[in-house]
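Residue strings, one per chain:
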Amino acid sequence: MSATRLLILGAVRRRGRAHGYQVRCDLESWGAHEWAGMKPGSIYHGLKQMAAQGLMLAHDVAPSTAGGPPRTEYEITATGDQAYFTLLRDALTRHDQRLDVITAGVGLIEDLSRAEAVELLLRRVQGLEEWRAAVTKEWTPEADPRAWGAVGEVLGMWVHTADSGAQWTLGLIERLRQGAYTMADDA
């Protein structure tokens with residue numbers, strides 16, 4: 001999954017209608033250029049590509065004040081909205097997401113109902129616990145990693161990642177249950 005695709009869809013969806021520079025500014029204000037490695041060109045390319053795929057409508061509006069070609073504003077379609085929520089749910093559920101993808105999902109979590117967000121995150125915890133169990137079936141964290149060579153270090157890193165990911169996710173679930181953030185069904 002691409003964090004870029006999820007973030008662009010989310011940014012346009014939140015604005016209702018936006019041109020590329022607005023999307024870029026929004027994503028940069030979220031720090032996505034740092035933690036997701038998003039380049040301005042990938043944002044503009046993503047917008048055009050998603051419009052060609054029917055996920056967004058492209059509207060040419062008045063020429064730019066700098067005298068360039070008409071500025072294009074994008075609006076998410078019903079198909080784009082479905083794709084957005086599919087990507088968002090997947091980002092929050094899967095335990096094996098890249099850090100930029102889970103970060104994007106958490107950054108956009110308020111677009112879901114509180115109950116659904118909690119349910120998706122509980123599935124993520126379950127996936128992390130299953131992954132940990134699979135790793136520790138043959139290798140126990142108490143074992144000396146040196147006995148397994150470099151592979152023991154990798155297995156230890158996986159167990160640590162599963163444990164810390166589950167702990168952090170359970171903390172977020174608890175904060176959501178206590179009313180943190182304004183969720184889609186709170187408005």
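For the structure, see preceding data.
Reading guide: rules and limits
Residues numbered from 1 in each chain as written. Predicted model: local features only at pLDDT ≥ 70, side-chain atom pairs only at ≥ 80, totals over all residues. Heavy atoms only, no water. Helix = DSSP H or I, 4+ residues; strand = E, 2+ residues; numbered from the N terminus. Buried < 20%, exposed > 50% of the residue type's maximum accessible area, 1.4 Å probe, protein only. Contact = heavy atoms within 4.5 Å. Areas by Shrake-Rupley, 256 points an atom, 1.4 Å probe, with all protein chains shown as cover. Salt bridge = Lys/Arg side-chain N within 4 Å of Asp/Glu carboxyl O. Core = buried A, V, L, I, M, F, W, Y, C linked by side-chain atoms within 4.5 Å. Phe/Tyr/Trp six-rings, centres within 6.5 Å; stacked < 30°, edge-to-face > 60°. Axes fitted to C-alpha atoms, helices over the stretch in contact; angles between N-to-C directions. Parallel < 35°, antiparallel > 145°, perpendicular 65-115°, else oblique. Left-handed = near helix turned anticlockwise from the far one by under 90°.

**Q** What is the right way to look at the overall build of the chain in this model?
**A** Helices and strands together make up the secondary structure of the chain, namely 8 helices and 3 strands. For the chain, the residues scored as buried account for 37% of the 187 residues in total. Of all intrachain contacts in the chain linking residues separated by at least 6 positions in sequence, the fraction that spans at least 24 positions is 63%. Just so you have it, the chain exposes about 10100 Å², and 53% of that area is on carbon and sulfur atoms.

**Q** What exactly am I supposed to notice about the pattern of salt bridges here?
**A** A side chain of one charge can pair with a side chain of the opposite charge if their charged atoms are brought near each other. In the structure shown here, the tally under the stated rule is 13 salt bridges. Notably, a salt bridge pairs arginine 24 with glutamate 28, separated by 3.2 Å at the nearest N-O pair. Of this pair, arginine 24 and glutamate 28 both sit in helix H2 (residues 20-29), 4 residues apart, roughly one helical turn. Judged by relative accessible area, which is 31%, glutamate 28 ranks as partly exposed.

**Q** What exactly am I supposed to notice about the nonpolar core here?
**A** Taken as a class, soluble globular proteins show a tendency for nonpolar side chains to be buried jointly. Within the largest apolar cluster, 43 residues are counted, with the highest numbers of intra-cluster contacts made by Leu7 and Leu27. Of all the secondary-structure elements, those providing two or more residues to this core are helix H1 (3-15), H2, helix H4 (40-52), strand S3 (70-76), helix H5 (78-93), helix H6 (99-107), helix H7 (114-136) and helix H8 (150-177). Examining the composition of this core, we find that 7 residues originate from one element, H1, more than from any other.

**Q** Sorry if this is basic, but what is going on with unusual backbone geometry here?
**A** When glycine is set aside, most residues are seen to have a negative phi, and most peptide bonds are trans. For tyrosine 181, which is not glycine, the phi torsion reads 70° and is therefore positive. Here tyrosine 181 lies in the segment after H8. For tyrosine 181, a relative accessible area of 44% translates into the label partly exposed.

**Q** Mind showing me how you'd approach the environment of leucine 122 here?
**A** In this fold, leucine 122 is placed in helix H7. Judged by relative accessible area, leucine 122 falls into the partly exposed class, the value being 35%. Along the sequence, leucine 122 and glutamine 49 sit 73 residues apart, while their C-alpha atoms lie 33 Å from each other. Ignoring anything within four residues of it in the chain, the contact list for leucine 122 reads Ile173 and Arg177.

**Q** Help me understand the side chain of threonine 136, please; the structure alone is not making it clear to me.
**A** The topology assignment puts threonine 136 in helix H7. Ignoring any residue separated from it by four or fewer positions in sequence, one finds threonine 136 in contact with Pro141 and Val159.

**Q** Just checking my understanding: could you explain the environment of isoleucine 173 for this structure?
**A** Within the fold, isoleucine 173 resides in helix H8. Each C-alpha atom of the pair isoleucine 173 and arginine 114 lies 9.5 Å from the other, and the pair is 59 residues apart in sequence.

**Q** Would you explain the packing of aromatic side chains in this entry?
**A** With the rule as written, the count across this model stands at 2 aromatic pairs. Where tyrosine 84 meets phenylalanine 85, the ring centres are 5.0 Å apart and the plane angle is 70°; that geometry is what we call edge-to-face. Classification of tyrosine 84 by relative accessible area gives buried; the value is 0%. Judged by relative accessible area, which is 12%, phenylalanine 85 ranks as buried.

**Q** I tried to follow the packing of H1 against H5 on my own but got confused; where do I start?
**A** A pair of packed helices is characterised by two quantities: the angle between their axes and the separation of those axes. Where H1 contacts H5, the axes come no closer than 9 Å and their chain directions differ by 125°. As summarised for this structure, H1 and H5 are arranged oblique, according to the angle between their axes. Remark: the crossing between H1 and H5 carries left-handed chirality. On the side of H1, the interface is formed by Arg5, Leu6, Leu9, Gly10 and Arg13, while H5 contributes Gly80, Asp81, Ala83, Tyr84, Phe85, Leu87, Leu88 and Ala91.

**Q** Just checking my understanding: could you explain the environment of leucine 121 for this structure?
**A** Note on placement: leucine 121 falls in helix H7. Residue classification places leucine 121 among the buried residues on the basis of a relative accessible area of 0%. Counting along the chain gives 52 residues from leucine 121 to isoleucine 173, while the straight-line C-alpha distance between them is 6.9 Å. If we ignore the near neighbours within four places in the chain, the residues touching leucine 121 are Leu92, Ile109, Thr169, Leu172, Ile173 and Leu176.

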